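# Observations on chain architecture
Residues per chain are reported as follows:
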Amino acid sequence: MTQSIATVALVVADYDEAIAWFTGTLGFKLLEDAPRGGGKRWVRVAPRGAGAALLLARAGDDHQRTRVGDQTGGRVGFFLETDDFARDHAAMRARGVRFVESPRHEDYGTVAVFEDLYGNRWDLLEMRR
């Protein structure tokens, strides 16, 4: 039996601003944007060449809106792995991505924490091979 995680939901404030940020600022590809009725949409984005995708899920009520930007309680909850940390770090900074720390070298690889447009924390990570 084979299983994989295909899609992870990310609660966002607005579909279009989230699409613009993930595709324009991070360079992700828009995989799907389909209406689901009642103002809802099925919006999936992913890094180019990735197997898993993010479902950009607009917050539907006040409780969900409180989670926008804080889905993991301030922890890093998302990991963007790269084959060239220096290239991607420079490109992301040039496009306005806010890194909350300088790159650091760990025993597992090179990493730096950045925030998405809502404040969710991500690792940009190049694993040591």
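See the structure printed just above.
This one's a predicted model, so the numbers in the text were calculated from it and none came from an experiment.

The next point concerns the nonpolar core. Residues Phe22, Leu54, Leu56 and Phe114 are the most contacted members of the largest nonpolar core, which totals 27 residues. For this core, the elements supplying multiple residues, two or more each, are strand 1 (7-12), helix 1 (15-25), strand 3 (40-46), strand 4 (53-58), strand 5 (76-81), helix 3 (85-94), strand 8 (109-115) and strand 9 (121-127). Here the element with the most residues in this core is helix 1; it accounts for 5 residues. If we ignore the near neighbours within four places in the chain, the residues touching Leu56 are Leu10, Val12, Tyr15, Ala18, Ile19, Phe22, Val43 and Val45.

Restricting attention to buried positions, one finds in helix 3 the residues Phe85, His89 and Met92. Down the axis, helix 3 shows its buried residues gathered within 70 degrees of arc, on one side only. What points out from helix 3, more than 90 degrees from its buried face, is the exposed set Ala86 and Ala94. On its buried side, helix 3 packs onto strand 5, strand 6 (98-99), strand 8 and strand 9. Backbone nitrogen of Ala86 and a side-chain oxygen of the N-cap are separated by 3.4 Å at the start of helix 3; the cap is Asp84. Of the residues flanking the end of helix 3, it is Gly96, one or two places downstream, whose phi is positive at about 95 degrees.

What counts, and at which threshold
- Residues numbered from 1 in each chain as written.
- Predicted model: local features only at pLDDT ≥ 70, side-chain atom pairs only at ≥ 80, totals over all residues.
- Heavy atoms only, no water.
- Core = buried A, V, L, I, M, F, W, Y, C linked by side-chain atoms within 4.5 Å.
- Buried < 20%, exposed > 50% of the residue type's maximum accessible area, 1.4 Å probe, protein only.
- Helix = DSSP H or I, 4+ residues; strand = E, 2+ residues; numbered from the N terminus.
- Contact = heavy atoms within 4.5 Å.
- Arc of directions from axis to C-beta.
- Polar contact = N/O pair within 3.5 Å; in protein donor to acceptor, adjacent residues only side chain to side chain.

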